[in-house]
Amino acid sequence: MRRRLLVALTLFAAIAVLAFAVPLSLTIATSRTQQLVLARSGDADRFATLADNAVTAGDSRALADEVLRYHELYGENVLVVDARGAPTVNAGADMDDPGIVAAVAAARRNQRPHAVDKLTPWGAPSMLVARPVGTGVQVNGAVVIEASTARARGDIARDWAVIVLGGVVAMALFVLLAVTIGRWVLRPLAALSHGVAELTATLPKPRADTVAPVSIAGRYGGPPEMRALAESFDAMALAVADSADAQRQLVADTAHAMRNPLAALTIRLDSLEPAIPASAASIFHNAGAEVERLTALLDGLLSLAVAETPAAFDVARTAEGDDQCDAVQVIADRFDAWCSAFEAAGQRLRVAAVAGPADVAVPADVLAQMLDVPLSNATRYAGAGANIDLVVATEPGWVTVTVRDDGSGVPPAELDKLTTRFFRGSAAGAGGSGLGLPIAAALAQARGGVLTVAAVRPHGLAVSVRLPEAEAR
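Procedures and definitions
Residues numbered from 1 in each chain as written. Predicted model: local features only at pLDDT ≥ 70, side-chain atom pairs only at ≥ 80, totals over all residues. Heavy atoms only, no water. Pairing = 2+ DSSP bridges. Helix = DSSP H or I, 4+ residues; strand = E, 2+ residues; numbered from the N terminus. Axes fitted to C-alpha atoms, helices over the stretch in contact; angles between N-to-C directions. Contact = heavy atoms within 4.5 Å. Buried < 20%, exposed > 50% of the residue type's maximum accessible area, 1.4 Å probe, protein only. Parallel < 35°, antiparallel > 145°, perpendicular 65-115°, else oblique. Left-handed = near helix turned anticlockwise from the far one by under 90°. Phe/Tyr/Trp six-rings, centres within 6.5 Å; stacked < 30°, edge-to-face > 60°. Lys NZ or Arg CZ within 6 Å of the ring centre and 35° of its normal. Core = buried A, V, L, I, M, F, W, Y, C linked by side-chain atoms within 4.5 Å. pLDDT = per-residue confidence, 0-100. Salt bridge = Lys/Arg side-chain N within 4 Å of Asp/Glu carboxyl O.

J.: I would appreciate a short explanation of the sheet that holds strand E1 (residues 77–82) in the present structure.
T.: Strand order in this open sheet of four strands is E2-E1-E4-E3, and the pairing throughout is antiparallel. The strands lining the two open edges of the sheet, one partner per strand, are strand E2 (87–91) and strand E3 (126–134). Pairwise comparison of adjacent strand axes, ignoring direction, gives a mean angle of 10° for this sheet. The sheet contact formed by E1 and E2 spans four bridges and is antiparallel. When the sheet's bridge partners are listed, Val80 is paired in E2 with Val89. On the sheet, helix H2 (residues 61–74) packs against E1, E2 and strand E4 (139–148) and is oriented at approximately 20° with respect to E2. With respect to the sheet, helix H3 (residues 98–108) is in contact with E1, E3 and E4, its orientation differing from that of E4 by roughly 145°.

J.: Please explain the pairing of E4 as it appears in this structure.
T.: A regular strand carries its side chains on alternate faces of the sheet. With eight of its ten residues buried, E4 lies for the most part within the structure. Bridge count between E1 and E4: six bridges; the pairing is antiparallel. Within E4, the position partnered with Asn77 by the bridge is Glu146. Here nine bridges tie E3 to E4, and the two strands are oriented antiparallel to one another. Looking at E4, one finds that Ala130 is bridged to Val144.

J.: Please clarify how the packing of helix H10 (residues 364–381) against helix H11 (residues 436–446) should be interpreted in this entry.
T.: Any two packed helices are characterised by how steeply their axes cross, that is the angle between the axes, and by the distance between the axes. Running from N to C, H10 and H11 cross one another at 155°; their axes reach a closest spacing of 9 Å. Considering the angle they form, H10 stands roughly antiparallel to H11. Handedness of the H10/H11 crossing: left-handed. Within the contact between the two elements, H10 uses Val366, Gln369, Met370, Val373 and Asn377 and H11 uses Gly436, Leu437, Ile439, Ala440, Leu443 and Ala444.

J.: I would appreciate a short explanation of the packing of aromatic side chains in the present structure.
T.: Each aromatic ring pair is described using two quantities: the centre-to-centre distance and the angle formed by the ring planes. One pass over the structure, following the stated rule, counts four aromatic pairs. Taking the centre distance of 4.8 Å and the plane angle of 45° together, the rings of Tyr70 and Tyr74 count as tilted. Here Tyr74 and Tyr70 lie together in helix H2, a separation of four residues that amounts to about one turn. In this structure Tyr70 comes out as buried when scored by relative accessible area, which is 5%. Pairwise contacts between aromatic rings join Phe47, Tyr70 and Tyr74 into one cluster. The cationic tip of Arg40 hangs over the ring face of Tyr74; the distance from NZ or CZ to the ring centre is 5.7 Å.

J.: So what exactly am I meant to see when it comes to the environment of Pro468 here?
T.: Inspection of the secondary structure puts Pro468 in strand E11 (residues 461–468). With relative accessibility at 18%, the residue Pro468 sits in the buried group. Separated by 71 residues in the primary sequence, Pro468 and Gly397 place their C-alpha atoms 5.9 Å from one another. Not counting chain neighbours up to four residues away, the residues in contact with Pro468 comprise Val360, Ala361, Gly397, Trp398, Arg447, Gly448 and Gly449.

J.: I keep staring at the nonpolar core and nothing clicks. Help me out?
T.: Soluble globular proteins: nonpolar side chains tend toward being buried together. In terms of nonpolar packing, the biggest core is built from 41 residues, with Leu367, Leu375 and Leu451 touching the most fellow members. Looking at this core, the elements that each hand over two or more residues are helix H9 (327–344), H10, strand E8 (387–395), strand E9 (398–405), H11, strand E10 (450–455) and E11. Element by element, the count of residues in this core is highest for H10, at eight residues. Ranked by size, the runner-up nonpolar core spans 25 residues in total, among them Ala29, Ala48, Val129 and Ala152.

J.: Teacher, can you tell me more about the environment of Asn377 here?
T.: Within the fold, Asn377 resides in helix H10. For the pair formed by Asn377 and Gly436, sequence separation is 59 residues and the distance between their alpha carbons is 8.6 Å. With near-sequence residues (within four places) excluded, Asn377 lies in contact with Ala382 and Leu437.

J.: Got a minute to help me understand the confidence of the model for the chain in this structure?
T.: Detailed reading of predicted coordinates is not advised where the pLDDT is low. Here the chain averages 81 in pLDDT, while 83% of its residues score no lower than 70. For the chain, helix H8 (residues 310–317) is the element with the lowest average pLDDT, namely 47, and E11 is the one with the highest, namely 93. Scored below 50 in pLDDT, residues 311–321 shows twelve contacts in the model against residues more than four places distant or in partner chains.

J.: So what exactly am I meant to see when it comes to the sheet that holds E10 here?
T.: In sheet architecture, strand pairing relies on hydrogen bonds along the backbone and comes in two forms, parallel and antiparallel. Strand order in the open sheet formed by five strands is E6-E8-E9-E11-E10, and the pairing between neighbours is mixed. Looking at which strands have only one partner, the edges of the open sheet turn out to be strand E6 (348–351) and E10. Adjacent strand axes in the sheet meet at a mean angle of 15°, parallel and antiparallel pairs treated alike.

J.: Is there a simple way to explain the pattern of salt bridges in this structure?
T.: A side chain of one charge can pair with a side chain of the opposite charge if their charged atoms are brought near each other. Evaluated as defined, the whole model comprises twelve salt bridges. With a closest N to O distance of 2.8 Å, Arg46 and Glu66 form a salt bridge. Taken together, the positions of Arg46 in helix H1 (residues 2–57) and Glu66 in helix H2 put the pair 20 residues apart, joining distant regions of the chain. Under the relative-accessibility criterion, Arg46 is labelled partly exposed at 34%. Among the residues examined, Glu66 registers a relative accessible area of 23% and is labelled partly exposed. Of the charged contacts in the structure, one is a salt bridge between Glu395 and Arg466, with a shortest N-O distance of 3.3 Å. With Glu395 in strand E8 and Arg466 in strand E11, this residue pair connects regions lying 71 residues apart in the sequence. Judged by relative accessible area, Glu395 falls into the partly exposed class, the value being 37%. Connected via shared salt-bridge partners are Arg32, Asp155 and Arg158.

Next up, the structure:
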């Protein structure tokens, strides 16, 4: 992967350098060419003026002196012809050269042949600059300068060499930077991939019936190294999911298997009760209470294992006619079911008025099971004289059902622990397994909702279940 990343970064750097160097090189060549053309065009115009003056005066000696001096000074050939094409002054020009012949003919037709647009270091050694002599009405001859391009091409070659050298240095820096970045990025990735591969090799193989999650490697692809890492993560995620399912199944199987011996033990204890002497009656009743508590604990473990099994809820979600309910109606039913228990505990249960139905995407029995947990806890721990309110709040896409009391509450440090398995508050009395709220939280989470516990000011506790709103049928 490092090689591919280095190649990609180097290619990108090469494109960036070329995108800067090529236009700059062409601009320099064009600029230097235009500079040469403008200089020689000015000289040709000056010779054309001198030639026109010579025709008018009938004396070409001054023109000849100027042309010869120019030829000696710059080493460039100059040809001046009259209106008939006969040479007036010739300083080294080859009259038989097809290029010169064509340039003279064009100038005599009052044309100015276009010089080269762009010189290159390997271009022609000379270029022709031609100008007509006279005015646009009457052409009295022509001037042709065979300008040397050696100096201009040398300047262009030198500038291009500097650009190439700068591009090479820039590429070297880019490659060094690419190597550094590649090493910085890929070294921890390689270590992570190696570590994940070693960890995955030690994991147990998933069961054949385990439902595999969506493959990261299959969904996103990528380089072979990234796909290998993604496959390792896929295998690890599958093993973890299988382990979690196996753990839940173990809890459920253990709880279910222990219920029968406990039921038999309860029956035997009940049959022994007439034979227990009065001196051991209290011990016997305590033993029976412990058996009942153990039975309730196993029932709670079984309920929690079922609540945390996604497959069970997937089946429940697809059940026809039982995937939603009216939260207001469920609250009314729970009020009727729990009202007498709160009265017996010296408490008052109230239902806040709600305008209209509040349909949630949860079956009525599941929502009732969620609400029974905080209602049961309120009767036990809120204390005599407490007021318990059942409140329904709606918002776009969501419905929140809250059981709120103004009882003694719990310490702030224990609020986040109330949904932890087997945790019981410091103020909780005897009884209870610490599984009620975890079961309710698991039921809410399995239905796409969330259960939260918050303190009520100045005192009390509020348990809220936020569930998705049911879709209109």
